[in-house]
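Given next are the chains, with one letter for each unit.
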Protein chains: 2
Amino acid sequence: MQKNMPDIKKIEKTAIKAAVSAGDILKKYYGSCLEIEVKDEMSPLVTVADKQSELKMREIISADFPDHIIVGEEFGSDIPLAEICETGKISWALDPIDGTTAFTAGMPTFVVLIGVWCGDKPLLGLIYQPISNEMWLASGDKPTTYNGKPCENAKSATNPLVIATTSPNYLSDNSQNWWNKLNSMAKTALFGGDGFLYGSLASGNISLVLEEGLKWHDVAALIPVVENAGATIRDHSGNRLKPYQESYTVLATRDDELLAEALALK
Amino acid sequence: MQKNMPDIKKIEKTAIKAAVSAGDILKKYYGSCLEIEVKDEMSPLVTVADKQSELKMREIISADFPDHIIVGEEFGSDIPLAEICETGKISWALDPIDGTTAFTAGMPTFVVLIGVWCGDKPLLGLIYQPISNEMWLASGDKPTTYNGKPCENAKSATNPLVIATTSPNYLSDNSQNWWNKLNSMAKTALFGGDGFLYGSLASGNISLVLEEGLKWHDVAALIPVVENAGATIRDHSGNRLKPYQESYTVLATRDDELLAEALALK
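Residues numbered from 1 in each chain as written. Chains lettered and ligands numbered in written order. Predicted model: local features only at pLDDT ≥ 70, side-chain atom pairs only at ≥ 80, totals over all residues. Heavy atoms only, no water.

**Observations concerning the interface of chain A and chain B**
Note the threshold: Here, residues are in contact when the closest pair of their heavy atoms is within 4.5 Å. A quick way to say it: buried area is the sum, across both parts, of accessible area lost when two parts are put together, with a 1.4 Å probe. In the analysis that follows, any N or O atom pair within 3.5 Å is treated as a polar contact, provided that within protein one partner can donate a hydrogen and the other can accept it, and provided that, for residues neighboring in sequence, both atoms belong to side chains. A helix here means a DSSP run of H or I that spans at least four residues, while a strand means a run of E at least two residues long, and both kinds are numbered starting from the N terminus.
Contact residues are listed per partner, giving 42 residues for chain A and 42 residues for chain B. Here chain A and chain B share an interface that buries about 3,100 Å² over both sides, 67% of which is from carbon and sulfur atoms. The interface formed by chain A and chain B contains 6 residue pairs in polar contact (both at pLDDT 80 or more). At the level of elements, α4 (100–104), β12 (188–191) and α6 (196–202) of chain A are the ones that each hand at least two residues to the side of chain A that touches chain B. It is β12 of chain A that contributes the most residues to the side of chain A that touches chain B, 4 residues altogether.

In structure tokens form, the structure reads like this:
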């Protein structure tokens, strides 16, 4: 191995260890009538479990990679997002609980998200559900795996089309109109799910996800998981998602054909 | 025990065996890109897993209780719903997969539902999620249990209020307007979940569920699970749910106070 090449195997091992350790903390709090506080309109709830879980991941990652940058939902970024790329350093984006509402409701669809990037290049994406013990992993250029087995069905996903979004409340009026048109095309819509939806897309179990208001600590994991499964993830104009932005609109589809069809309905 | 008294302990044992056996079948198909067919507008998908799972439950129940009536989502009712009450017989209402859309999407929120009734009296309600291995059970007059432990928090459920519905698409225009008002009151809304939501309500993790278009094979299980947890389940006019009807509107709340508040917003 060249000296300056990132050691993907070591990153993968640390990422899995961090996700499982975070999940072990979340399992302790799951379904136990948590004290919750309202954060903001788009991500309304935060719990003590979010914080403990992120701290645990930070501890594990810092121990293995003391010079890497860490960006987390609860404790922010070591340096401003806009400055990460030019450092040339590897950075980790962490969401200790994606789907806090589902978590506090005791529903096993919240996930732990980890994305690892170097400059414009994704090195790893991980989606982990600790209660059902499901993990999607995109490591390096390898195909996304689901619980260790390659996801090979994303491109041939569900027919009739199943489209999904976490909550219509998170969509702007324009996006709601678009969603309604997609709904007419698809006939079947699924609500809820947060980051879990992108795992389902990678596995070929749903056809399309439309969302907005996502943060870098969300999409950093989702981009490699979706793309390494052969599916497509773009913004609402059909452009590729640029790393290290503050906010994202997302349209993920099983393939480019459905992407084009969906964009034509906008 | 008197001769004509239903043997709740034996019913409970059979119900758990049926649910777990159904769940074992569902686990085999979970997340495996099923061939699905569109059924109708309100419950759009059906799979081979629904049918196998219901047949298995019917086999187990019939073996233990050959004279009981069985009503199932996929294979209908032994006799018309409207005639069940006057037979005086015990009847079982089965939904082998409540949340078929979630099931086909590989999301662990679909549930197996079993309700056992004698005349106007619920004998048992059971909600089972086989992937996360979560079970709510209301047996006889005993408090609802979650994985064997009594649910004691329904009445003190979440503050800030968390309200939930499976899909806004399943709500009529009038109910959507009502939902929007409830949403403003609650600040936080959860989508998706199907029968799982009523388990979350019984556990005190959500505060209110608003739905419509539910069938007897859904509510037969939900009524005892919610009521034996000390929470409230009514129709959209605030009336108690009458057994053996073809279709139901449902408003379930953590307590009577929230029921009154919700009805006042209609």
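**Considerations on the packing of aromatic side chains**
Here is the rule: By convention, a stacked pair of Phe, Tyr or Trp rings (six-membered ring in the case of Trp) has centres within 6.5 Å and planes under 30 degrees apart, an edge-to-face pair has planes over 60 apart, and any other such pair is tilted. Only protein chains enter the area calculation, which uses a 1.4 Å probe; residues under 20% of their type maximum are buried, those over 50% are exposed, and those in between are partly exposed. The rule for a charge over a ring is simple: NZ of Lys or CZ of Arg within 6 Å of the ring centre, and within 35 degrees of the ring normal.
Considering all chains together, one arrives at 19 aromatic pairs over all chains under this definition. Judged by centre distance (5.9 Å) and plane angle (35 degrees), the rings of F65 of chain B and W92 of chain B are tilted. With F65 of chain B in the loop between α2 (48–64) and β3 (69–72) and W92 of chain B in strand β5 (residues 90–98), this pair connects stretches of sequence that are 27 residues apart. Exposure remark for F65 of chain B: the relative accessible area of 9% places this residue in the buried category. The interplanar angle of 85 degrees and the centroid separation of 5.1 Å between the aromatic rings of W136 of chain B and F196 of chain B together place this pair among those described as edge-to-face. Here W136 of chain B, found in strand β8 (residues 134–139), pairs with F196 of chain B, found in helix α6 (residues 196–202); they are 60 residues apart in sequence, far enough to count as distant. Each of the two residues, W136 of chain B as well as F196 of chain B, counts as buried. A cation sits over an aromatic face here: K266 of chain A above W178 of chain A, 5.4 Å from the ring centre.

**Quick notes on unusual backbone geometry**
At Y244 of chain A, a residue that is not glycine, the phi angle is positive and equals roughly 65 degrees. Tracing the chain through its elements places Y244 of chain A in the loop between β14 (232–234) and β15 (248–253). Of note in this structure, D194 of chain B is not a glycine but carries a positive phi near 50 degrees. In this fold, D194 of chain B is placed in the loop between β12 (188–191) and α6.

**Details of the relation of the copies chain A and chain B**
Quick note on the threshold: A least-squares fit on C-alpha atoms brings the copies together, and the residues used are those whose pLDDT is at least 70 in both copies.
Rotating chain A by 180 degrees and translating it 0.0 Å along the rotation axis places it on chain B, where the RMSD comes to 0.0 Å. What the rotation and shift describe, once combined, is the action of a two-fold rotation axis. Looking at chain A, 100% of its interface residues are interface residues in chain B too, so the copies touch through the same face.

**Re the environment of A102 of chain A**
Within the element layout of this structure, A102 of chain A appears in helix α4. Considering only alpha carbons, one finds A102 of chain A and K242 of chain A, 140 residues apart in sequence, at a separation of 28 Å. Beyond its immediate chain neighbours, meaning those up to four positions away, A102 of chain A contacts M107, T109, F110 and D194 of chain A together with L190 of chain B.

**Here's the deal with the sheet that holds β12 of chain A**
Residue and element names in this part refer to chain A. Applicable threshold: Criterion used throughout: strands pair if DSSP finds at least two bridges between them. Axes here mean lines fitted to C-alpha atoms, for a helix over just the part in contact, with angles spanning 0 to 180 degrees between N-to-C directions.
Taken in spatial order, the 5 strands of this open sheet run β12-β11-β13-β15-β14, and their pairing is mixed. Either end of the sheet is taken by a strand with one partner, and the two such strands are β12 and β14. In this sheet, adjacent strand axes meet at a mean angle of 20 degrees when their direction is disregarded. Bridging between β14 and β15 involves 3 bridges; their strand directions are antiparallel. When the sheet's bridge partners are listed, T232 is paired in β15 with T253.

**Details of the packing of helix α1 (residues 8–29) of chain A against helix α2 (residues 48–64) of chain A**
Residues and elements named next belong to chain A. Selection rule: Note on terminology: angles under 35 degrees are roughly parallel, angles over 145 are roughly antiparallel, angles of 65 to 115 are roughly perpendicular, and the others are oblique. Less than a right angle of anticlockwise turn of the near helix away from the far helix marks a crossing as left-handed, whereas a clockwise turn marks it as right-handed. Amino acids outside the nonpolar list (Ala, Val, Leu, Ile, Met, Phe, Trp, Tyr, Cys, Pro) and the charged list (Asp, Glu, Lys, Arg) are all regarded as polar, and Gly is one of them.
The contact between α1 and α2 brings their axes to 9 Å, and the two run at 155 degrees. For the element pair α1 / α2, the angle class is roughly antiparallel. Taken as a pair, α1 and α2 cross one another with a handedness that is right-handed. Here K10, T14, K17, A18, S21, A22, I25, L26 and Y29 of α1 come into contact with α2, specifically with V48, A49, Q52, S53, K56, M57, I60, I61 and D64. Tallied by class, the residues present in the contact of α1 with α2 amount to 10 nonpolar, 4 polar and 4 charged.

**Regarding the sheet that holds strand β4 (residues 76–77) of chain A**
Sheet strands pair by backbone hydrogen bonding; their relative direction is either parallel or antiparallel. Residues and elements named next belong to chain A. Overall, mixed pairing links the 8 strands, which are arranged β4-β3-β5-β6-β7-β8-β9-β10 in an open sheet. The outermost strands of the open sheet, each flanked by one partner alone, are β4 and β10 (149–150). Here strand β9 (residues 145–146) pairs with β10 via 2 bridges, running antiparallel. Note on β10: the bridge partner recorded for T145 is P150. With respect to the sheet, α1 is in contact with β5 (90–98), β6 (111–118), β7 (121–129) and β8 (134–139), its orientation differing from that of β7 by roughly 25 degrees. Along the sheet, α2 contacts β3 (69–72), β4, β5 and β6; its crossing angle with β5, the most-contacted strand, is approximately 155 degrees.

**Digging into the pattern of salt bridges**
In a structure, side chains of opposite charge can pair up when their charged atoms sit close to one another. So the rule is basically this: Salt bridge, as used here, is a side-chain nitrogen of Lys or Arg placed within 4 Å of a carboxyl oxygen of Asp or Glu.
As enumerated under the stated definition, the model contains 16 salt bridges over all chains in all. We note a salt bridge from E59 of chain A to K56 of chain A, for which the minimum N-O separation is 3.6 Å. Residue E59 of chain A and its partner K56 of chain A are located together in helix α2, separated by 3 residues, close to a single helical turn. When its relative accessible area of 29% is taken as the criterion, K56 of chain A is described as partly exposed. A salt bridge links E227 of chain B to R240 of chain B; its shortest N-O distance comes to 3.3 Å. Of the two residues, E227 of chain B sits in helix α7 (residues 216–227) while R240 of chain B sits in the loop between β14 (232–234) and β15 (248–253), which places them 13 residues apart along the sequence. Via salt bridges that share partners, K9, E12 and K142 of chain A belong to a single interconnected network.

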